[in-house]
Amino acid sequence: MYLPKKLFFADDGSIPNSKLPLLYYQQVIDSNGEKAAGWLENTFATNGWTNSWRWGVYDFHHYHSNTHEVLGVFQGSALILLGGEKGEKVKVKAGDVIVIPAGVGHKCLSHSPNFTVVGAYPEGKSPDLLKGQAGERPQADQNIAKVPMPASDPILGNKGGLVEIWKK
């Protein structure tokens, strides 16, 4: 079973972050490219995380107040700043997966030319896109408080991962 690294981020005044930890799974799969992308999409969907897409990560701070998000790296590598300006820089590479709680900021600082992820959301939610700007709160905080606990972890399903770690 995969054991994720847990990263905690406090509210920084503009990015609300979350009391729930971001989960960072390293080297979930050892392939890359199309095969890895297909495996990630299928695994996420099997575990109830849908509305998937393939692309990169925005180069500005952003977060989602209405849903959690999973990002599975299927090719390349990147340096991602998690948790806002005072957060943590994390180097991700093909085979890594991060599960981002609603409210946690993320921004791509640099990346290889081929860096691409599969993103998805529990129950196929459509995410909003907030940037930590004046006027977003307190509505964003109210939205985050209403986001339901996912029924399953995007990698481990209903046994392990966020199902165990994010218990309220």
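Residues numbered from 1 in each chain as written. Predicted model: local features only at pLDDT ≥ 70, side-chain atom pairs only at ≥ 80, totals over all residues. Heavy atoms only, no water.

Chemist: Looking at this model, I keep getting lost on the overall build of the chain. Mind explaining?
Modeler: Helix and strand content of the chain: 3 helices and 9 strands. The secondary structure elements of the chain, listed N-terminal to C-terminal, are β-β-α-β-β-β-β-β-β-β-α-α. Here the C-alpha radius of gyration of the chain, 15 Å, is about what a compact globule of 168 residues would show, namely 15 Å. Summarising its shape, the C-alpha atoms of the chain cover approximately 40 × 35 × 25 Å along the three principal directions. When burial is assessed residue by residue, the chain has 53% of its 168 residues classed as buried. Excluding contacts between residues fewer than 6 apart, the proportion of contacts in the chain whose partners are at least 24 apart in sequence is 76%. When the accessible surface of the chain is totalled, it reaches about 8,000 Å², and 51% of it is carbon and sulfur. The positive charge centre, built from 17 side chains, and the negative charge centre, built from 16, are 4 Å apart in the chain. (Helix = DSSP H or I, 4+ residues; strand = E, 2+ residues; numbered from the N terminus. Rg over C-alpha atoms; globule rule 2.2 N^0.38 Å. Buried < 20%, exposed > 50% of the residue type's maximum accessible area, 1.4 Å probe, protein only. Contact = heavy atoms within 4.5 Å. Areas by Shrake-Rupley, 256 points an atom, 1.4 Å probe, with all protein chains shown as cover. Lys, Arg positive; Asp, Glu negative; His and termini not counted. Charge placed at Lys NZ, Arg CZ, Asp CG, Glu CD.)

Chemist: Got a minute to help me understand the sheet that holds strand β8 (residues 106-111) in this structure?
Modeler: Two pairing modes exist for strands in a sheet, parallel and antiparallel, and in both the strands are linked by backbone hydrogen bonds. Ordered in space as β6-β5-β8, the 3 strands form an open sheet in which the pairing is antiparallel. For this open sheet the edge positions go to β6 (88-93) and β8, each flanked by a neighbour on one side alone. For this sheet, the mean inter-axis angle between neighbouring strands, taken without regard to orientation, is 30°. Pairing geometry for strand β5 (residues 77-82) and β8, over 5 bridges, is antiparallel. Each residue of the ladder has a partner; that of leucine 82, found in β8, is histidine 106. (Pairing = 2+ DSSP bridges. Axes fitted to C-alpha atoms, helices over the stretch in contact; angles between N-to-C directions.)

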